[in-house]
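Reading the structure
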Amino acid sequence: MITQKYDVIVVGAGHAGCEAAAAAAKLGSKTLLITMNMQTIAQMSCNPAMGGVAKGQIVREIDALGGLSGVVTDKTMIQFRMLNLSKGPAMWSPRVQSDRMRFAEEWRLQLESIENLDFYQEMVNGLIVENDRVVGVETSTGLRFDSQTVILTNGTFLNGLIHIGEKQLGGGRSGERASKGLTEQLVSLGFESGRMKTGTPPRVDGRSLDYSKMEEQKGDVDPGKFSFLDSTSGLKEQRSCHITYTNLKTHELLREGFDRSPMFNGSIGGSGPRYCPSVEDKVNRFADKDRHQIFVEPEGWNTVEIYVNGFSTSLPQEVQIKAMRSIVGFEKAKIFRPGYAIEYDYFPPTQLKHTLETKLVKGLFFAGQINGTTGYEEAASQGLMAGINAHNLVNDKGDFILGRDEAYIGVLIDDLITKGTDEPYRMFTSRAEYRILLRQDNADERLTEKGFDIGLAGRDRMDALEAKRAQGKLVYNFVKKHSVNPEEAKPMLEAVGSAPLKQKVKLESVLARPQLGIKDLVQIESVASDPVFLGATTEVLQQVEIRVKYQGYIDKEKQSAERLTRLEGLSIPTSFDYHALKSLSSEAKEKLTKIRPTTISQAKRISGVSPSDISVILVFMGR
């Protein structure tokens, strides 16, 4: 292994590292995955869950391209829920509770089945760079591994510092040491670095909780799944979560420890996640609130360990347990592990290209929390894209980039490298301009052909996509052409409180009514007896319903995306001298010179670049 020259070396085996290594190796690159601990590959460091609002769409996109996160999640989930079903389909987001131990085990089994992938356990504390190009890595014991490309997916391990009250421990995760040396070398090479902070709640013994005092949160009655492959299936039985709340007594007890909280005494300098604040931060910022929701989440099928979602904290241990025991149902709670905050180094992602290759060192890629993101799903998608592009670079293939109208992954990466981030970045549906196009149900239609063309998505995925398209076309044509008369539709319309028909109409116009769903149509006899309709999958029926109800919105977004694409095609030379344009604002000159956008469209999205600045550039370019 030491004498082997690798095509791709991946440093770190979290969600980003696993997807990166799997993608590069499956595409044919000789790949080495180096991790500090082989027993913590794909560890779920925080909550035992995948998906959620916008994050669920990302997991489905990873799967559609041929990544593994969806498959692993399906095989190890203990509960499935589709969130936001009361809203429009652009907001529907799958989320699962995972079996933490099984999730990590399944990822390792998947990785070990990939022929081109080697593993090595040790800390990487240096890169080998020659003539501004990475040529390998060096480990803490002085071993050298040569490679044409390197992907850094270090998570929270770069100079990681754990805070529990006034105690500080060096580490990248509870019980694991931090990674040293890389940040300092990267800074010496000209990279800008910063500090960020995240945190995690205590884990408790489920046997010590009183669930009878809590609200039960069951999974969906008809549970779905993430992967578009038939090789995974939905759950036949599920484990419930529970909901309880903090109270004024809890808040009072938490405040007693504020003077020893690293959040408030200046011990933590890094920016924390805005949308996942610690419980002490919530109590401090929202002092008018009498209570905050606590989600009680099981860690797996056969364990009593419980994740206390909503109680992320870095307060002293004695304050944590005292405050927790004031929560209804937690009166006798026993803690397995206290909550803690962790500070770590990251590198502002404006230093990257859209491929996630760094601008300063050729062949060096960053993916995951090193880029300032938070969340397993955001990390996994970056790892997938970095793995694909590292393979393409080695094999002199073109860049693989997804547009903002093609995928949430495209929105995520474009946001990072164009706007940067000074706080942990989390994906939301509101960040996407074209979210009606980027639904969770159509990720395969958007991306599977792209994954197949580059060699990552297999023939089985294309066959499944083509079968789904054919079935969807049959159902859609049936809905458009089949007519129903007032009498046969009357019982169904009365049941949902919709006005009766006055004359015979096409099924499409009935389905367009807001009170109706496509499954209601089976109450019409002529529909219930149709083999095309009855033979369709739930997913196909949902897509036909979305098409009928939202086609106008979909067409409008497509037209808007096409206009953007025309601007996307206007390239800006990387050597463009913005300071030569006297009419540009000073801020625009500074931002454009730093970020070096490759297209007019990207330049438009940079904070501080005004429409008049874009006009100046277009005039100069003769457009």
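Read on for an overview of the structure. Predicted, not measured: the structure shown is a model, and the values here were computed from it.

1. Side note on the sheet that holds strand β10 (residues 161-164)
Pairing within the open sheet is antiparallel, and its four strands lie in the order β11-β10-β19-β12. Unpaired on one side and paired on the other, β11 (167-170) and β12 (194-200) mark the two borders of the sheet. For this sheet the average axis-to-axis angle between neighbouring strands, irrespective of direction, equals 25°. Strand direction decides the pairing type here: β10 and β11, joined by four bridges, are antiparallel. Counterpart to Ile164 in the pairing with β11 is Lys167.

2. Topic: the pairing of strand β4 (residues 77-83)
A large share of β4 lies buried, amounting to six of its seven residues. Where β4 meets strand β5 (residues 93-98), six bridges bridge the pair, whose relative direction is antiparallel. Counted as the bridge partner of Phe80 is Val96 from β5.

3. Examining the side chain of Thr599
For Thr599, the position within the fold is in the loop between α18 (586-595) and α19 (600-604). Take Thr599: its relative accessible area is 8%, and that puts it in the buried class. Here Gln602 takes part through its backbone nitrogen, which lies 3.1 Å from a polar atom of the side chain of Thr599.

4. Observations regarding unusual backbone geometry
Unusually for a residue other than glycine, Ala42 sits at a positive phi of about 60°. One can find Ala42 in the loop between β2 (31-35) and β3 (49-51). Positive phi outside glycine occurs at Ala54, with the angle close to 70°. Among the structural elements, Ala54 can be located in the loop between β3 and α2 (55-65).

Calculation notes
Residues numbered from 1 in each chain as written. Predicted model: local features only at pLDDT ≥ 70, side-chain atom pairs only at ≥ 80, totals over all residues. Heavy atoms only, no water. Pairing = 2+ DSSP bridges. Helix = DSSP H or I, 4+ residues; strand = E, 2+ residues; numbered from the N terminus. Axes fitted to C-alpha atoms, helices over the stretch in contact; angles between N-to-C directions. Buried < 20%, exposed > 50% of the residue type's maximum accessible area, 1.4 Å probe, protein only. Polar contact = N/O pair within 3.5 Å; in protein donor to acceptor, adjacent residues only side chain to side chain.

Just distances and angles here, no functional claims.
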